[in-house]
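Breakdown of the fold
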Amino acid sequence: MAEQLKGKAVATAMKEDLVQRVEGMKAKGITPKLGIVRVGARPDDLFYEGGIKKTAEGIGLDYQIFEYPEDVTQADFEKAIQDVGADKAINGILMFSPLPKHLDEKKIRTFIPVEKDVDCMTIGSAGKVFADDQTGFPPCTPTACMDILKFYDVPLKGKKVAVVGRSLVVGKPVAMLLMRENATVTICHSRTENLPAVCAEADIVVAAIGRAKMITAEYVKAGQIVIDVGINADPDRPGKYCGDVDFASVEPIVDKITPVPGGVGSVTTMVLCKHTLKACEMQNA
Ligand code: NAP
């Protein structure tokens, strides 16, 4: 039976550190603050927002919701984002994505100041991730993967890692962060040949695909560590969700595995708060 790398223990340890640092800032008269920008009221966004609010309240971090109607115009929204960006009380900005189709999201992202871009929405932040510039903020989910690996003392130096998925949100940045720790990374995608064999060759598999239970027993081998980033509707259990890994067939084989739910997803909101606090500390250094 594999050891389950549960996210809660990671988030709890991180919280203790953050609470102390937030108190340190408050002692200087500064309250770190996250600006949450939302257009419309998609249930997924509201669910994530609820989790962020709860986590922020738990560590004493302030937040403000900037909510805009579904039919906000490009011009109005551009102005709104620029205002949030210029607001000195706001240290970090999270904008829910994707935006409605009539908005030019690529352009709107350029109005988020890089120093407040706590979830890596701008090309400037992505550039910092790829350039190993530690003043930048990688996206929260890849950071959560790294925090889990670190918390559970998983050695990365010289290890072979297969990352399945090459999105800008997860696959590519997590590969860069793994390389920063001297792992040898193979980035896989929908055109990768012999994907099961490539994964089975690795010491660590990171699944960031968006396909329920795709990574089955044939992709893994004994001794491996599996990080499941996926969040999908569970085809076998209506109303529940599952990862990109077929936990039932993979868990008996591998050494360590993150569960879904209760793995990567449960660390992500804490990482968002960590990034906001770091942004506040840097802005007030
Ligand atoms: P995405 O933008 O849709 O990217 C999916 C990636 O998987 C693409 O690179 C795609 O390859 C690859 N892929 C798709 N089908 C494949 C196949 N059959 N074989 C090999 N590779 C395949 O998704 P994402 O935003 O990166 O998200 C990935 C997963 O993570 C989703 O389940 C999402 O819900 C989840 N997620 C979780 C969190 C969290 O906090 N836990 C946060 C964000 C996302 P191509 O590039 O060739 O198309």
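**Notes on the packing of aromatic side chains**
Tallied over the full model, the rule gives three aromatic pairs. Ring geometry for Tyr48 versus Phe96: centroids 5.8 Å apart, planes at 75°, classification edge-to-face. Taken as a pair, Tyr48 in helix 2 (residues 43-59) and Phe96 in the loop between strand 4 (92-95) and helix 4 (105-109) lie far apart in primary sequence, 48 residues in all. The class of Tyr48 is partly exposed, set by a relative accessible area of 25%.

**What about the pairing of strand 2 (residues 33-39)?**
Counting buried positions along strand 2 gives seven out of seven residues, so the element sits mostly inside the fold. Burial along strand 2 is two-sided: Lys33, Gly35, Val37 and Val39 facing one way and Leu34, Ile36 and Arg38 facing the other are all buried. As paired elements, strand 2 and strand 3 (residues 62-68) share seven bridges and run parallel to each other. Its bridge partner being in strand 3, Gly35 is matched across the sheet by Gln64. Crossover strand 2 to strand 3 through helix 2 is right-handed. Pairing of strand 2 with strand 4 involves four bridges; the strand directions are parallel.

**Topic: the environment of Met214**
You can see Met214 is positioned in the loop between strand 7 (204-207) and strand 8 (225-228). The class of Met214 is partly exposed, set by a relative accessible area of 23%. Measuring from C-alpha to C-alpha, the distance between Met214 and Ile52 comes to 29 Å, with 162 residues separating the pair along the chain. Residues within four places of Met214 in sequence aside, it is in contact with Leu195, Ile209, Tyr219 and Asp244.

**Overview of the sheet that holds strand 4**
With respect to topology, three strands assemble into an open sheet ordered 3-2-4, the strand pairing being parallel. Of all the strands in the sheet, just strand 3 and strand 4 have a single pairing partner and so form its edges. Going from strand to strand, the sheet's axes swing by 20° on average, the running direction of each strand aside. Set on the sheet, helix 2 makes contact with strand 2, strand 3 and strand 4; between it and strand 2 the angle comes to about 170°.

**Describing the domain arrangement of the protein chain**
How big an interface is tends to be stated in terms of the accessible area lost upon association of its parts. Domain assignment breaks the protein chain into domain 1 (28-115) and domain 2 (140-265). Placing the centre of domain 1 and that of domain 2 at their C-alpha centroids yields a distance of 29 Å.

**Observations concerning unusual backbone geometry**
Cis rather than trans, the peptide bond between Ser97 and Pro98 has omega equal to 0°. With respect to the element layout, Pro98 can be found in the loop between strand 4 and helix 4. Even without being glycine, Asp132 reaches a positive phi, approximately 60°. On the secondary structure map, Asp132 appears in the loop between helix 5 (123-130) and helix 6 (140-151). The residue Asn182 is not glycine, and still its phi comes out positive at about 70°. By relative accessible area, which is 48% here, Asn182 ends up partly exposed.

About the thresholds
- Residues numbered from 1 in each chain as written.
- Predicted model: local features only at pLDDT ≥ 70, side-chain atom pairs only at ≥ 80, totals over all residues.
- Heavy atoms only, no water.
- Phe/Tyr/Trp six-rings, centres within 6.5 Å; stacked < 30°, edge-to-face > 60°.
- Helix = DSSP H or I, 4+ residues; strand = E, 2+ residues; numbered from the N terminus.
- Buried < 20%, exposed > 50% of the residue type's maximum accessible area, 1.4 Å probe, protein only.
- Pairing = 2+ DSSP bridges.
- Right-handed = clockwise from strand over helix to strand, strands pointing away.
- Contact = heavy atoms within 4.5 Å.
- Axes fitted to C-alpha atoms, helices over the stretch in contact; angles between N-to-C directions.
- Domains from an automatic or database assignment.

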